[in-house]
Amino acid sequence: DTILDGNQPFNVVIGSGTVTGTANPTLSGFNGFDPADVQGTNTDNDAVNIVLTLLPVGTTQPVSITEAAGASRSSSYSLVLQSQPAADVTILVASSLVSQATVSTNNVVFTAGNWNIAQTVTITAVDDLIDDGDVSLSITNQVMSSDPLYSGITVGSVSINTIDNDAGGLLLTPTSLSTTETTGTPSTATFSATLQSQPVNDVSFPVTVSDNTEGTVSHNAISFTTLNWNVPQIITVTSVDDLILDGDIQYNIQIAASTLADPFYSSIPTQTITVVNRDNDVGGVTVTPQQTVLEVFEQGTTQQTVQVVLTAQPGSSVVVAASVSDNTEVSLVVSQLTFTNANWNIPQTFTYRAIDDTVTDGDVTWTTSYQITSSDPGYVGVVPSPNQVSGRTIDNDIVGVTFAILGGLNPSTLQTFEDPTGSNILVGMSLISSPLGVVQIQGVSSDSTEGSASPNAVTFSSTNWNIQQTVTITGVDDAIVDGDKSYSVAFTSSSTTDPGYNVQTAATAITYNIINRDNDVDTRGIWVNRQSITTVENGISEVFTVGLGSQPSTQVTVPLVVSDTSEGTINPSSVSFLSSDWFIAKTVTVTPVADNIADGDVQYQITLSPAISADPQYSGFVNPLGNNTITVINRDATAAGITVSPPLAGGQFRTSESGVDLNNGNNYFNVVLQSQPSSNVLISIQSSDPTESSVDKNILTFTPINWNINQRVSVTGVDDSVIDGDQQFSIVVSPAAGSDVNFLSLPSTTLTGVNVDNDSAGGLIVSPAFPATIRLVENDFSTVVSYVFTLQTAPQFPVTIPVTSTDTSESSVSVSSVVLDSTNYLSGVQFSISPVADNIVDGDVVHSLTVGPSSSQDPSFNGKFSQTVQIITVDANTNTNTIPVSVLNNGGVSANGQLSLVEGGSSSQLVVQLPSQPTENVNVPVSVANGNQLISTSTNNLVFTPANWNIPQTVQVSRADDSVNSGTVPFSVNVGPATTVSGTPYSQQQSFLGTSSDNDATTSSSPLVVNNIPSSGISQSGFQVTTSETPSLSVNSVLNFQLGSAPTAAVTVVLSSSDTTEGIPSPNTLVFTPSSWSLVQTVSVIGQDDDLVDGPVSYSIIARMTSTDARFTNIETVIPATNSDNDAAGVVISPQTGLVTTESGDNSASKFTVVLLSRPTGQVTFPVTSDDTTEGTVLPSQLMFTSTSWNIPQTVTVTGVVDNVADGDITFTVSVGSAQSSDSSYHGSPGGQVTVTNRDIDSGGGAVVITSPPVTPQPTFAPGWLPNSSDDGLPSWAVALIVCSVLLFCCLFGFLMWRWCKSRKEKKEREMNASIPPIAPAPAALPPASLYSTTGNSNPIENEFHPPPGYPQPDIVCLPCDEPTSPSYAYSQKQSLYAPSPPPPVIYA
């Protein structure tokens, strides 16, 4: 009915029976028989709720909308009721910030007619034109209705973020201006100012000018209101005419942040307008010459002038300096003029005068230029107009040279001869006038190959200008058959100091025409030194030479042509001969070309082409002898081949089934041809085992173009899902196809690799997963369950997994076992578990499904997968009567079938009766569950008999009145399960939910009250727990806990520490019950000693409450705490005094230990040193402690040093230096010192004491013999005396034996000297070792020694007893007997 009216009871009335038809006495009893009516309850499915849905569906909060126009400016949500209301429901919709967002409607009304039709609310952002950033707000929905079920119901709000589209700022246009100084109406320029967003308040921006001598502004401030903020304001900039020649001046106009308060515009940065004020003052200098070209004469006193004046008044003095380009020709009377602001417009004059230089230099042109100097910027860089004036000095001097042919020769028929015996031509010369400086007369031959002048130049000066000098013209013998040749010799004058001689005229130059008579015979020819050459591909180069037969008159070039450059090249490609080096043969290098083609030996030619030359004798010359060609054979060095480069790492592939390259990225190889094929060659790439490895290319194609480019093939492991271990494989590279037979016949190349297996015995997968309990119902085959077994990895052999029921009378399994193998391990095998109907009232039976263990020849899968799953078979043979129970609240039927109690107020009733008459008494138990002791029932058992079975019985449910605020307590009352007096089940249990409201006030606003008990015993709040690593120093470390109000169920408080290394609570669990909630429970916080130097550390004690009372569950209280440190960085050295060492090395008592006081956070090292290493040394020289070994003492051993000096007992110091560590607490911390005394064992005097080295190890004495404080053995001095006596005896005996052996040796030597004959001279070379024969004894000392022929037989061969007796050593000793020099000794040793 869509109305929230709770569960409604109803009756089905069955009327009295009527018999119709033929009268039958057996049916008469049904006439008027009225069977019992049937009671029923219609369970309500309606709920009170209002559903808010963001649109479109799937939108999450917060919802973002933007001020900018468009689809994203708005968003919507819908509202709809979940049940029909009894009265209109109005939802008031409101925006928390209407200045940012508005809603499409302020109220949404639902009636009984439209309650289930969703209504939409649209939220739209407000475009406010203010740069106020993104703003968060909410849309609230308040419900109002006279329907008590909907009145006050809460509907969530919608969180909105409005995205601002305003960007504030002061917009200035343009940002650069220019004005011009003017005489009269000043020049102006304007810029506009506009705000980019609406200000919150009126704003005013100050305007300042950096240089008001150049410009001014029309506004000192720019002001905007909230109304005219977007109206541009115009600011006028006016130029200032300063009447100063100062150039264009740039200055700035600055607009600062608003001086009126505005959240945005009061803090914007200062903006700048750049203005350039262009100067109207121009500086200039006017130059007016007396003539266009100033002419002055060397002869006379004429002069020329130039007037100069400024065009504008300067601010400071202006100096005009004049200079001339040739001050040897002209001079200035004054070189500079000065103008001031007083005389700037009065012309001043430069005067020019000629200089008579007595040099025949002709008329000389010069220029005069002007330079302006001034501190006035208007005149800096100013160029006078004109800046340059031309002038000319008229010369009064004459230049000339006198030339003469000496010897009476006719100048018109001059001749020279190539024959050296021929006559030469002599030319005499002198100057007409004295020059100013040096004049050089140079003779140049027009053809230096036919004639030359010597010397080629003569020099005249003012001292020898009139003395004749001679030049000889001689013919040149050119060894060329060129006939008689005409040439000329020209004599010209020049001077670096006298310009008159640089002009070549008839007075200063002359040319003589001459014929040189030839004396040569034709000997032309071109030759080569080799007619044939052989090269090898990739081999070395060969050379040949080319030469000329006679000297040419000019360069001769002989081109060389190669008929086949694919087989060989030459360098150079042509040879050239000059007339000066024609006799030097030219070398040509022939380089073989490696064509990488197997083409056999190839012959080609190098041909000398016709010569190229301007010499007509050699132009187009070809050797008439015909030897113009060189034959070259290039031997082939190329063979067909395929190069396969194995992988870089180890030469073997290492792949994995997981796809990981185990070869560090080197699971690839390269293939390339060794030579160029004649056609395409196809290379096949195949894996020997495609189930283990694969290649990314199976065919490689090489062409005559790409044959020498490596082609890369990558090798990848194949995942086979089989546990087969690491598998070896091969990659075979072989020619596959092509028409080049040289490559098709090549052998294959095989590369090896290993594919690492990634498979392991995978687990058994049960689908669906087994539940904790499989529930079956007898005779209900809808409870039959099916499962599929699969394996994660493939087995090598079939795997059999038994599946059995432990009670086949209650359940059956469709198979006795599941068999999985490599073919079905992924698809799996299905089986089912079914209930067994036993028709026995035996109740629900619990038994098990047993799985496994598996059996298989694959050891990875044998004996696996054992599992037991509980099965409950629900008995279908029990009495399934349902006892009707009605729920009454305040005398009326409960609308929702739930109990409702008020503490100390109304109670609820459960009305119970049996559905039918039983054959024996039925007991119906009644109990309270999920509540506390406050809820009670009037009885805990109802008894129905065959007589009263249809009489309803009432159970009162009530809540006791107490003074504790327990809040609203949920509970339930269980009715049943009912049984007959004989124990037969009659009905199942029914549960009825209920709530109980409290009538007590809350005693505390906090569910958990915590107080701290300081050392003074006075309670306080707002505290901090203080503990110490030293327990006796802990203060404020006890906490009191109690609840703020009574719970309806037990409350457990679990205490924990945020840092258990610093402090822990004890006990860590408190339990408060509804009766003990107000009792104080004490917890001690115990500081923890951590051995670290970490200072006071803050941590927290966390109290977390859990309870079935919702008011006391999942609530945490955090109490701050601090644990003070008791650790310090340092070391303990023990002992530090009393250590004694001896010079004898007895260091048994010479040890001390070092250990740290606290645990370091990093390694700590200490250096250990002795301050007197002549008395004692230490070991080790460094101690190292770690965070794990810091408390283990480390031993330092101090050893006395034997100094053989009677210096008495010496005290020295062993120092443990400062620590070195990454732990700042320990780094640099001091160590300590240990005082040690080294006992002296030396005594003074002049006697020499010979001692034996110490005997180690010391002898072991029988028990009881070695003297000590408890036995009667020899004293230590007696033992020492005995030992010294024995040593002295041994030394004396040894000395006597040595003297006896020595005397015997000397006697034998004397006897041998008297008996040995003279010895034959030794040969020049020592015989080889093979000549020294032995008797074959393995001991070379015992071998019979036979010297070589011609050498005397020695009587004694003595080898040193303390030397090794190897054969090589013995041989060397025997060789020494026959060393040729010096002469052999008498005794061979």
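To be clear, the structure that these remarks concern was listed above.
Residues numbered from 1 in each chain as written. Predicted model: local features only at pLDDT ≥ 70, side-chain atom pairs only at ≥ 80, totals over all residues. Heavy atoms only, no water.

Structural notes on the environment of Ser423
With respect to the helices and strands, Ser423 occurs in the loop between strand 31 (414-417) and strand 32 (425-431). The partly exposed category is assigned to Ser423, whose relative accessible area is 47%. If we skip the residues at most four places from it in the chain, Ser423 touches Gln415, Thr416 and Phe417. (Helix = DSSP H or I, 4+ residues; strand = E, 2+ residues; numbered from the N terminus. Buried < 20%, exposed > 50% of the residue type's maximum accessible area, 1.4 Å probe, protein only. Contact = heavy atoms within 4.5 Å.)

Brief notes about the pattern of salt bridges
Counted by the stated rule, this structure contains ten salt bridges. Asp1209 serves as the salt-bridge partner of Arg1239, at 2.9 Å between the closest nitrogen and oxygen. Here Asp1209 lies in the loop between strand 94 (1194-1200) and strand 95 (1210-1216) and Arg1239 lies in strand 97 (residues 1232-1239), a separation of 30 residues in the sequence. Overall, Arg1239 belongs to the partly exposed group, its relative accessible area being 36%. (Salt bridge = Lys/Arg side-chain N within 4 Å of Asp/Glu carboxyl O.)

Side note on the nonpolar core
Residues Ile50, Tyr77, Leu79, Ile123 and Ile139 are the most contacted members of the largest nonpolar core, which totals 26 residues. Discounting chain neighbours no more than four positions away, the residues touching Ile123 are Ile65, Arg73, Ser74, Ser75, Tyr77, Ala101, Thr102, Val103, Ile139, Val158 and Ile160. (Core = buried A, V, L, I, M, F, W, Y, C linked by side-chain atoms within 4.5 Å.)

Some words on the packing of aromatic side chains
Following the criterion strictly, the structure yields 17 aromatic pairs and no others. Residues Trp582 and Phe583 carry aromatic rings whose centres are separated by 5.9 Å and whose planes lie at 85° to one another, so their mutual orientation is edge-to-face. Overall, Phe583 belongs to the exposed group, its relative accessible area being 56%. Between Tyr618 and Phe621, the ring centres sit 5.6 Å apart and the planes meet at 65°, which makes this aromatic pair edge-to-face. The class of Tyr618 is buried, set by a relative accessible area of 0%. For Phe621, a relative accessible area of 11% puts it in the buried group. Each residue in the set Phe205, Phe224, Phe264 and Tyr265 is aromatic and connected to the rest through ring pairs, giving one cluster. A cation sits over an aromatic face here: Arg712 above Tyr668, 3.5 Å from the ring centre. (Phe/Tyr/Trp six-rings, centres within 6.5 Å; stacked < 30°, edge-to-face > 60°. Lys NZ or Arg CZ within 6 Å of the ring centre and 35° of its normal.)

Side note on the side chain of Ser1229
Structurally, Ser1229 can be placed in the loop between strand 96 (1220-1221) and strand 97. Classification of Ser1229 by relative accessible area gives buried; the value is 10%. Leave out the neighbours within four places in its chain, and Ser1229 touches Phe1166, Ser1218 and Ala1219.

Looking at the pairing of strand 46 (residues 602-608)
Burial of the side chains of strand 46 is restricted to one face: Val602, Tyr604, Ile606 and Leu608 are buried, whereas none of Gln603, Gln605 and Thr607 on the reverse face is. Inspection of the sheet shows strand 42 (residues 556-562) paired to strand 46 by three bridges, in the antiparallel sense. The partner of Leu560 across the bridge, within strand 46, is Leu608. Inspection of the sheet shows strand 46 paired to strand 48 (residues 629-635) by six bridges, in the antiparallel sense. (Pairing = 2+ DSSP bridges.)

What about the sheet that holds strand 55 (residues 711-717)?
With antiparallel pairing, the four strands of this open sheet are ordered in space as 49-51-55-53. Pairing within the sheet leaves two strands with one partner each, and these edge strands are strand 49 (642-645) and strand 53 (693-695). The mean angle between the axes of side-by-side strands here comes to 25°, regardless of whether they run parallel or antiparallel. Strand direction decides the pairing type here: strand 53 and strand 55, joined by three bridges, are antiparallel. Paired with Ser694 across the two strands is Thr716, which belongs to strand 55. (Axes fitted to C-alpha atoms, helices over the stretch in contact; angles between N-to-C directions.)

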